[in-house]
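Single-letter residue listing:
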Amino acid sequence: MRQTREAALGSKSTVSVDDLRRPVTAYFDQIWGPPENTSWIDESMSWKETCYIGDWSFVIDRRFTGPDVLRLFSDISVNSMENFKVGNSKHVIHCSEEGKVIEQGVLSRFPDDVFVSMGTCAFWAEHIARRDGYDVQVEAADLFKFQVQGPSALFLLERVAGEDLRDVRYMRFRDVTIAGHKVHALRQGMSGEIGFELQGPRELGEEIWNTIFEVGQEFGIRRLGGRVSMINHLEACVPSATTDYLPAIYDETHADYRQFLAEIDPVRYKRSHAIAGSFDADDVSAWYRSPVDLGWTRQIKFDHEFTGRKVLEEEMANPKRTMRTLVWNPEDITSLYTALFDKDNPLPDFMEVPRDRRGYMYADAVNQGGQLVGVSTSRGYSAYFREVISLCSIDVAQSEPGTEVTVTWGAPGTRQTEIRATVQRAPYKTNRGNTDLATLPPTWQDYQELLATTN
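Bear in mind that the values here come from a model prediction, so they are computed numbers and not experimental data.

Draft legend 1. Structural context of the overall build of the protein chain. Of the regular secondary structure elements, the protein chain holds 14 helices and 19 strands. By the compact-globule yardstick of 23 Å for 455 residues, the protein chain fits well, its C-alpha radius of gyration being 22 Å. Per-residue burial for the protein chain yields a buried fraction of 57% across its 455 residues. Put simply, 71% of the contacts in the protein chain that link residues at least 6 apart link residues at least 24 apart. Entry remark: accessible area of the protein chain is about 19,200 Å², with carbon and sulfur atoms responsible for 49%.

Draft legend 2. View of the sheet that holds strand E2 (residues 61-65). Read across the open sheet, the five strands follow the order E3-E4-E5-E2-E6; overall the sheet is antiparallel. Among the strands making up the open sheet, the edge pair consists of strand E3 (89-95) and strand E6 (137-140). Across the sheet, the mean angle from the axis of one strand to that of its neighbour is 30 degrees, orientation sign disregarded. Where E2 lies against strand E5 (residues 114-118), four bridges are found, and the strand directions are antiparallel. Looking at E5, one finds that arginine 62 is bridged to serine 117.

Draft legend 3. Region of the structure containing the side chain of threonine 408. Turning to its location among the elements, threonine 408 is positioned in strand E18 (residues 404-409). On the basis of relative accessibility, which here comes to 6%, the residue threonine 408 falls in the buried class. Within the structure, threonine 408 has its side chain in polar contact with the side chain of asparagine 367 (distance 3.4 Å). Here glutamate 418 takes part through its side chain, which lies 2.8 Å from a polar atom of the side chain of threonine 408.

Draft legend 4. Layout of the sheet that holds strand E16 (residues 371-382). The sheet built from six strands closes into a barrel, its strands ordered E13-E17-E16-E15-E18-E19 with antiparallel pairing. Across the sheet, the mean angle from the axis of one strand to that of its neighbour is 40 degrees, orientation sign disregarded. When strand E13 (residues 321-328) meets strand E17 (residues 387-395), the two strands line up antiparallel, connected through seven bridges. For leucine 326, the partnering residue across the bridge sits in E17 and is serine 390.

Draft legend 5. Highlighting the packing of helix H7 (residues 153-161) against helix H8 (residues 205-216). Axis separation between H7 and H8 bottoms out at 10 Å; the angle between their running directions is 120 degrees. Between H7 and H8, the crossing angle belongs to the class labelled oblique. Note on packing geometry: the crossing formed by H7 with H8 is right-handed. Listed contacts from H8 to Leu156, Leu157, Arg159 and Val160 of H7 are Thr211, Ile212, Val215 and Gly216.

Draft legend 6. Main features of the side chain of arginine 187. Summarising the element assignment, arginine 187 is placed in strand E9 (residues 181-187). With no salt bridge to any partner, buried arginine 187 finds its closest opposite charge in aspartate 436, at an N-O distance of 6.4 Å. A polar contact of 3.1 Å, which involves the side chain of arginine 187, links it to the backbone oxygen of valine 168. If we ignore the near neighbours within four places in the chain, the residues touching arginine 187 are Val168, Arg169, Tyr170, Met171, Arg172, Gly195, Phe196, Gly433, Asn434, Thr435 and Leu437.

Draft legend 7. How the structure looks around the packing of helix H6 (residues 121-132) against helix H10 (residues 255-264). Interhelical geometry of H6 versus H10 gives an angle of 115 degrees and a closest axis separation of 11 Å. In this view, H6 runs roughly perpendicular relative to H10, as classed from their interaxial angle. Helix-helix and strand crossings are classified by hand; for H6 and H10 the assignment is right-handed. Residue-level inspection shows Phe123, Trp124, Glu126, His127, Arg130 and Arg131 of H6 in contact with H10, the latter providing Asp256, Tyr257, Phe260, Leu261 and Ile264. For the contact of H6 with H10, a count of residues per class yields six nonpolar, one polar and four charged.

Draft legend 8. Summary view of the pairing of E17. Among the nine residues in E17, seven count as buried, and that is most of the element. Where E16 and E17 come together, seven bridges link them in antiparallel fashion. When the sheet's bridge partners are listed, serine 382 is paired in E17 with glutamate 387. Hairpin connection from E16 to E17: four residues lie between these consecutive antiparallel strands, with arginine 386 at a positive phi of about 55 degrees.

Draft legend 9. Structural context of helix H12 (residues 309-317). Buried residues of H12: Arg309, Leu312 and Glu315, and no others. When H12 is viewed along its axis, its buried side chains cluster within an angular range of 125 degrees and face the same direction. Exposed residues pointing more than 90 degrees away from the buried face of H12 are listed as Lys310 and Ala317. Looking at the buried positions of H12, the neighbouring elements they touch are E3.

Draft legend 10. Representation of the nonpolar core in the model. Among the nonpolar cores identified, the biggest contains 39 residues, and Phe64, Leu72, Phe73, Leu246, Tyr250, Tyr257 and Trp287 are the most heavily contacted of them. For this core, the secondary-structure elements that each account for two or more residues are helix H2 (17-20), helix H5 (69-76), strand E4 (101-110), H6 and H10. With seven residues, the single largest contributor to this core is H6. Ignoring any residue separated from it by four or fewer positions in sequence, one finds leucine 72 in contact with Phe64, Ala125, Ile128, Ala129, Tyr134 and Val136.

Draft legend 11. Up close: the state of the cysteines. Applying the stated rule across the entire model yields zero disulfides. Free of any disulfide, cysteine 121 has its nearest neighbouring cysteine sulfur in cysteine 95, separated by 12 Å.

Draft legend 12. Region of the structure containing the environment of phenylalanine 73. Tracing the sequence through the fold places phenylalanine 73 in helix H5. Sequence separation between phenylalanine 73 and isoleucine 128 is 55 residues; the distance between their C-alpha atoms is 9.7 Å. Sequence-distant contacts of phenylalanine 73, that is, excluding residues within four places in its chain, are made with Phe64, Met81, His94, Leu107, Ser117 and Ala125.

About the criteria used
- Residues numbered from 1 in each chain as written.
- Predicted model: local features only at pLDDT ≥ 70, side-chain atom pairs only at ≥ 80, totals over all residues.
- Heavy atoms only, no water.
- Helix = DSSP H or I, 4+ residues; strand = E, 2+ residues; numbered from the N terminus.
- Rg over C-alpha atoms; globule rule 2.2 N^0.38 Å.
- Buried < 20%, exposed > 50% of the residue type's maximum accessible area, 1.4 Å probe, protein only.
- Contact = heavy atoms within 4.5 Å.
- Areas by Shrake-Rupley, 256 points an atom, 1.4 Å probe, with all protein chains shown as cover.
- Pairing = 2+ DSSP bridges.
- Axes fitted to C-alpha atoms, helices over the stretch in contact; angles between N-to-C directions.
- Polar contact = N/O pair within 3.5 Å; in protein donor to acceptor, adjacent residues only side chain to side chain.
- Parallel < 35°, antiparallel > 145°, perpendicular 65-115°, else oblique.
- Left-handed = near helix turned anticlockwise from the far one by under 90°.
- Lys, Arg positive; Asp, Glu negative; His and termini not counted.
- Salt bridge = Lys/Arg side-chain N within 4 Å of Asp/Glu carboxyl O.
- Nonpolar A, V, L, I, M, F, W, Y, C, P; charged D, E, K, R; others polar.
- Arc of directions from axis to C-beta.
- Core = buried A, V, L, I, M, F, W, Y, C linked by side-chain atoms within 4.5 Å.
- Disulfide = S-S within 2.5 Å.

So this is what it looks like as structure tokens:
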């Protein structure tokens, strides 16, 4: 008899494909809040034309202190911890012995050797610290996390903070004062545009949010709704757990970690891991990805020993797959909607617009000449490009932009459709996230004029 999902995830057995290919509740609806505020089209244009404010406070955070913190993160991360200075943040990646991503997120270093980890990488680090006896103390940081992203974001935040922010480099942070309160301003660009993530004590969140949103009216601010919350990741090629890969934790080796997750955050854990789409395989590991597959090669440094190093050294020397964007054929897309009115054939799987929000890793088989050459994920409609696009972990031999492939749409056992697609660069949207802020005009009006001449 097949195990229930909770039993499979919490026991010492491995987890099967069938355990993960099952209906899920709309967990992401609950954490993102309203699906729309103005409209999803209007909101999706905001980070290209003006800016948005989005609430990422649901992201896990942990504060790490103690003499072994740097050694812990060095041992479990592909990233180097050398020259990791106060005021710096890193996109840290933790892998299995087989070089597949277990967890990832952002690690920031504060004064007095305090480190704050954002994302599920915090859970893996906490688990390893407990299991292997590192002299590390871990506690919830309990921070609000508001992202303000888009061309007008800098000018808005300079107005709100009453100071120049142009000295803040990409993936650096410093304190600013908003509404009389000190908050951390981390420069990052999940949308591929200029942006900051503001972090501070959760009890101050409502006041900080309202202050930014009120001042932001002059700068065209929008509140980001759940329907387009991950379209920015798609356009800017920011692969994410449970949408672009499954964490490599479903074998017997990691049963203790699954049990840890089920105990420490049972609601999130039970609802956030599931698979859908046409791609199929006999083992869950087929949904795992390495940092190389996901395009994260710049983060991998071989100046230290870390879990998975040997495998990743070999893969870096001879990569099999890389990350690209697929642009889906519009005629083939519209045929799916026409088929909804075809009374003589089975209904196709419905293609949600702008994207499916239920929390699946929606993985579709990508073929060329009848052979599997990649797996498509994060499919969504971009109102900016007026195209359906997706991320794709694709064989290096088929990764040249302009290459023609087909994507199989429809779950195994249902009506399936072959959709033509073209390989394109990733990120698909021009990346302005790491722009040198010192080069920007002094006012938002001046920058609008500059953008109008360059776009």
